[in-house]
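Close look at the chain arrangement
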Amino acid sequence: MRSKDYTNLRDKTIFDFCTDEELIKNGFGHIVEDKEEFIRYAKKHPETNAWFYIQISEEVLHDDTLADAVEEAFSDITIPRYE
């Protein structure tokens with residue numbers, strides 16, 4: 001894990017918390033072919049960015065604190081596939 005600074009989540013992406021190697025090693029269900037394009041997309045689409053955070057908090061990092069921070073930071077939007 002790179003960081004546990006869960007402030008300003010809308011300005012960050014999963015790569016602020018995980019390395020590529022951690023994502024691959026832990027079976028993250030998505031392959032990122034172009035990291036910079038992924039970062040641009042995630043910042044442009046906060047609902048998708050939040051969903052990726054939830055996924056890595058549960059599947060890769062096993063960090064409930066990150067999931068809670070995501071719920072708070074993105075409370076004004078609907079996170080796809082997350083109830």
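Below: a short report on this structure. (Residues numbered from 1 in each chain as written. Predicted model: local features only at pLDDT ≥ 70, side-chain atom pairs only at ≥ 80, totals over all residues. Heavy atoms only, no water.)

Moving on to the pattern of salt bridges. Pairing of side chains with opposite charge becomes possible as their charged atoms draw close. All chains considered together, the criterion is met by four salt bridges. Measuring nitrogen to oxygen at the nearest pair gives 4.0 Å for the salt bridge that ties aspartate 63 to lysine 4. Residue aspartate 63 is found in the loop between α3 (46-60) and α4 (64-73), and its partner lysine 4 is found in the segment before α1 (20-25); the two are separated by 59 residues along the sequence. Judged by its relative accessible area of 8%, aspartate 63 falls in the buried class. Put simply, arginine 40 and glutamate 37 hold a salt bridge, and the shortest N to O gap is 2.9 Å. Taken together, the residues span about one helical turn, with arginine 40 and glutamate 37 both in helix α2 (residues 35-44) at a distance of three residues. Under the relative-accessibility criterion, glutamate 37 is labelled partly exposed at 40%. (Salt bridge = Lys/Arg side-chain N within 4 Å of Asp/Glu carboxyl O. Helix = DSSP H or I, 4+ residues; strand = E, 2+ residues; numbered from the N terminus. Buried < 20%, exposed > 50% of the residue type's maximum accessible area, 1.4 Å probe, protein only.)

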